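Secondary and tertiary structure notes
Here is how the chains run, residue by residue.
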Amino acid sequence: MDAEGVAASPAAPHQPPYQYTANQGYKQTEEVPRELLRQQNAAPLADEDEDDDYLEDIFDEDEQDEEWAADGDLTKNYNRQRQQLTDGAAIPRSNQQKPTANTFASVDDQVSALSKHATKIRLDTVKQDGERDKDKADRATSEQVLDQRTRMILLQMINRGAVSEVHGAISTGKEANVYGAVSYDEETGAATQRAIKVYKTAILVFKDRERYITGEHRFKGGFDKGNNRKMVKLWAEKEYRNLRRIYNAGIPCPEPLALKLHVLVMGFLGDKKGWAYPRLRDANLKGDDVDQQWQSLYVQLLGTMRRMYQVCKLVHADLSEYNILYHDGKLYIIDVSQSVEPDHPRSLEFLRMDIKNVGDFFRRKGVDTLPDRAIFNFITVPEGPVEEPELAEAIAKLYETRLAAANDEEAAAEEVDTEVFRNQYIPQTLEQVYDIEKDVKKLGLGEGNELVYSKLLADQVVAPKADGEGEDEDEEDSDDESGEGASLGSDDSEDDESRFDKGRPRGRKFEDKDEKKQHKLAVKEAKREKRKEKMPKHLKKKLVSSTSRRTKK
Ligand SMILES: Nc1ncnc2c1ncn2[C@@H]1O[C@H](COP(=O)(O)OP(=O)(O)OP(=O)(O)O)[C@@H](O)[C@H]1O
Ligand SMILES: [Mg+2]
């Protein structure tokens, strides 16, 4: 293991450390801090293609307002960066029409100006539990070599004040690395820990993720599996927005703080010294009522799942003891990039899988768990509480009804039922119902409860967000006419009329086909008209920067 991140020589702020050659990309010159040089020599970076725009999109100011999402004061951040950059080098203002010739110069200058922060990326400061995984700690060091794009984004984040220093990896995985970071208060100097999740752009595992995206209306028009970089950016964006929903609903999770391309800054779940909370899997409960603690954690989690479904309109879709952190009796939900909305064609399947994983884990901990089907209904039925302590009370009732009926025979029947449930096909739309006539007959006979999708039928279908709800999470897209929650790829959303379908009673499937087509056409036309009136980006930007922008909520 070589000594990464030994103090680098200070960067020379006036010299661009890179030279741009057309069609060859960026070549480093001697002015590069030693640290950066070592990074470049360290390993072949699979991700590093030599596109002309390899770094350009990072500095693309036109896109910045959209790509840079921060909960802090954007204007302040923006001005601070402008200020800091112009301190170091004369930077041509490039936010007018983006003259191509100038952009390259500007990128060089900006890279140069940012390199003065190079020493604040100190990946040698790895904070990992030695007991937990020694190999992993070693891997952390060898795997945390950053590609230039990521490095630039991190420097930019430092420059903008999103974080003050980036430290070593807390976790290195197949799809993402999570780094520790610190933010120092400008006035008091007080340190706050942060976590930065960096999605890997050169990965094959993402292919598997297609199933979470296919059918996801939020990815319509924005998903291009041929382009890893774009895809990973979408993925990070999805995690950011999902986190925001979950955080705003008051569910314990990392606070989403800033996002740029494939790099996400969030609140740190851990102590003041930078030690992360353990995963639920590794939680070491103490005391003489450990069984009781596991039981109440189980109940807590079921409540959280229902809240996520009913309030955030999300199914986690990768929920397990690995994606939950534990601290002091509280469960924190993490890793939500793959979470889907209830109208995703496979959301119920994912929910069932989540329920199974959770149940399996808690059973291993000795918890008397509820049957999967009962939980599935508890989570999906629209009526009922979505807040504590009512949620826990509702679960207690589920236990009571079960106990009242409990005898050996019924317990056995319950087990069979759970097996059946786990293997049952869950139709998500009426078109997917195998034998609709049979099911309708069942309904007529008052046996609708036997249908696995019984809680989701017409009048009970999960309602979409009421108007005005969820606004808080979409401030920066305030011109997005849909007002939709976590939309992605907002520029290419013309084909995204599915969002209008969202949450309509499934009965709409019965609508006359032509009528439906007409409706779609009308919606499309209306959107086209609306776009015509849309202000060009550069004008909007100018206007925005001349007026004071949104303030922190
Ligand atoms: N906000 C946070 N605060 C503290 N630790 C975190 C935070 N986010 C993630 N971690 C740590 O990083 C680990 C990986 O995070 P996460 O589950 O989000 O990544 P991942 O998508 O599973 O990555 P991969 O699949 O590549 O392993 C977590 O198990 C947790 O230990
Ligand atoms: Mg994970």
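Looking at an unreviewed UniProt entry, the chain carries the name Serine/threonine-protein kinase RIO1, with the source organism given as Trichoderma guizhouense. Here is the UniProt Subcellular location (unreviewed entry) comment for the chain, exactly as written: "Cytoplasm". UniProt annotates the chain under Sequence similarities (unreviewed entry) with the comment "Belongs to the protein kinase superfamily. RIO-type Ser/Thr kinase family."

Turning next to the coordination of the magnesium ion (ligand 2). Donor atoms from the polypeptide that bind the magnesium ion (ligand 2) are Asn323 (OD1) and Asp335 (OD), placed at 2.1 to 2.2 Å. On the criterion of sequence distance, the pair formed by Asn323 in the loop between helix H10 (290-310) and strand S9 (324-327) and Asp335 in the loop between strand S10 (330-333) and helix H11 (347-364) is long-range, its members being twelve residues apart. The same class applies to Asn323 as to Asp335, namely buried.

Moving on to the site of ligand 1. Every one of the 19 residues lining ligand 1 counts as a neighbour, but Glu175, Lys197, Gly267, Leu269 and Asp335 are closest to it. Within the backbone of Lys174, an N or O atom sits 2.9 Å from an oxygen atom of ligand 1. For ligand 1, an oxygen atom lies 3.1 Å from a polar atom in the side chain of Asn323. Here ligand 1 has 610 Å² of accessible area as a free molecule, and 90% of this is covered by the chains.

Attention shifts here to the UniProt feature "binding site: ATP" (unreviewed entry) in the chain. In the numbering adopted here, UniProt assigns the feature "binding site: ATP" (unreviewed entry) to Lys197, Gly267 and Leu269. A maximum C-alpha distance of 12.7 Å is found for the annotated residues, which run over 73 residues; spatially they form one tight group. Beyond its immediate chain neighbours, meaning those up to four positions away, Lys197 contacts Ala176, Asn177, Val178, Glu239, His262, Val263, Leu264, Met266 and Asp335. In terms of polar contacts, Lys197 uses its side chain to reach the side chain of Glu239, at 2.9 Å. With respect to the secondary-structure elements, Leu269 resides in the loop between strand S8 (263-267) and H10. Beyond its immediate chain neighbours, meaning those up to four positions away, Leu269 contacts Cys253, Pro254, Ala276, Tyr277, Leu325, Tyr332 and Ile334.

Okay, the state of the cysteines next. Evaluated as defined, the whole model comprises zero disulfides. Left without a disulfide partner, Cys253 is nearest to the cysteine sulfur of Cys312, which lies 8.3 Å away. The exposure class of Cys253 is buried, given its relative accessible area of 6%. According to the relative accessible area criterion, Cys312 is buried, its value standing at 2%.

Turning to the pattern of salt bridges, a few remarks are in order. All told, the structure shown has 14 salt bridges when counted by the stated rule. Of the charged contacts, one joins Arg364 and Glu321 as a salt bridge, the two residues approaching to 3.1 Å between their closest N and O atoms. Highlighted residues: Arg364 in helix H11 and Glu321 in the loop between H10 and S9, separated in sequence by 43 residues. Residue Asp368 is joined to Arg402 by a salt bridge in which the shortest nitrogen-to-oxygen separation is 2.7 Å. Placement of the pair is Asp368 in the loop between H11 and helix H12 (372-380) and Arg402 in helix H13 (residues 390-405), with a sequence separation of 34 residues. One network of salt bridges, in which partners are shared, links Lys197, Glu239 and Asp335.

Counting buried positions along strand S4 (residues 165-172) gives seven out of eight residues, so the element sits mostly inside the fold. As paired strands, S4 and strand S5 (residues 176-184) are joined by five bridges and run antiparallel to one another. Each residue of the ladder has a partner; that of Ala169, found in S5, is Tyr179. Counting the residues between successive antiparallel strands, the hairpin from S4 to S5 contains three residues.

Moving on, we come to helix H14 (residues 408-423). One full turn of an α-helix is made of 3.6 residues, so residues set three or four places apart face in the same direction. For H14, built from 16 residues, the straight-helix expectation of 22 Å at 1.5 Å per residue is met to within 8% by its first-to-last C-alpha distance of 23 Å. Turning to H14, its buried residues are Thr418, Phe421 and Arg422. Looking straight down H14, one finds that the buried residues subtend no more than 95° of arc, so they occupy a single side. Residues of H14 that are exposed and point more than 90 degrees away from the buried face comprise Glu409, Val416 and Asn423. Of the surrounding secondary structure, the elements contacted by the buried residues of H14 are H11 and H12.

Attention shifts here to helix H9 (residues 228-248). Compared with the 30 Å implied by 1.5 Å per residue over 21 residues, the 30 Å span of H9 between its first and last C-alpha is a close match. Most of H9 is tucked away: 16 of the 21 residues are buried. Two residues or fewer after H9 comes Gly250, characterised by a positive phi angle close to 80°.

Moving on, we come to the nonpolar core. Leu280, Trp294, Tyr298, Leu301, Met305 and Phe362 are the most contacted members of the largest nonpolar core, which has 60 residues in total. The element contributing the most residues to this core is H10, with nine residues. Both of domain 1 (143-274) and domain 2 (280-424) provide at least three residues apiece to this core. Apart from the residues lying within four places of it in its own chain, the contact partners of Leu280 are Trp294, Leu297, Glu321, Ile324, Leu325, Tyr326, Leu331, Phe361 and Phe362. Grouped together as the second largest cluster of nonpolar side chains are 29 residues, Met157, Ala162, Val198 and Leu257 included.

Before going further, it helps to examine the pairing of strand S6 (residues 191-199). Within S6, seven of the nine residues are buried, which leaves it mostly tucked inside the rest of the structure. With nine bridges joining them, S5 and S6 adopt antiparallel strand pairing. By the bridge assignment, Ala181 is partnered in S6 with Arg194. Counted along the chain from S5 to the antiparallel partner S6, the turn is six residues long, and its residue Gly189 has a positive phi close to 80°. For S6 and S8, the ladder comprises five bridges, and the chain directions are antiparallel.

About the thresholds
- As a convention, each chain's residues are numbered from 1 in the sequence order in which they are written.
- Labels follow written order: the first chain is A, the first ligand is 1, and so on.
- In view of the model being predicted, local features appear only for residues whose pLDDT reaches at least 70, and side-chain atom pairs are presented and counted only at 80 or more, with totals across whole chains, interfaces and linings using the full set of residues.
- Excluded from the side-chain calculations are hydrogens and water; all other atoms, namely the structure's heavy atoms, are used.
- UniProt positions are given in the numbering used here, feature names are shortened, and annotations may be inferred rather than shown by experiment.
- As a rule, N, O and S atoms within 2.8 Å of a metal are its donors, except that Na, K and Ca use 3.2 Å; water is not among the atoms, so sites may look incomplete.
- Comment: elements are numbered from the N terminus, with helices defined as DSSP H or I runs of at least four residues and strands as E runs of at least two.
- Relative accessible area decides the class of each residue, using a 1.4 Å probe on protein chains only: under 20% of the type maximum gives buried, over 50% gives exposed, and in between gives partly exposed.
- Residues are labelled near a given molecule or strand when at least one of their non-hydrogen atoms is within 4 Å of it.
- Between N or O atoms, a polar contact is any pair within 3.5 Å; within protein, one atom must be a potential hydrogen donor and the other a potential acceptor, and residues adjacent in sequence are included only when both atoms are from side chains.
- Reported accessibility uses the Shrake-Rupley method at a 1.4 Å probe radius. Residues are deemed covered only where the shown protein chains occlude them.
- By definition, residues are in contact when any of their heavy atoms lie within 4.5 Å.
- Pairs of cysteine sulfur atoms within 2.5 Å are what we label disulfides.
- For salt bridges, the criterion is a side-chain nitrogen of Lys or Arg within 4 Å of an Asp or Glu carboxyl oxygen.
- Note: two strands are recorded as paired if DSSP finds a minimum of 2 bridges between them.
- Expected helix span is taken as 1.5 Å per residue step, with the number of steps being one fewer than the number of residues.
- Comment: arc refers to directions from the helix axis out to C-beta atoms.
- Residues grouped as a nonpolar core are buried Ala, Val, Leu, Ile, Met, Phe, Trp, Tyr and Cys residues, joined through side-chain atoms within 4.5 Å.
- Residue ranges for the domains trace back to a domain assignment, done automatically or taken from a database.

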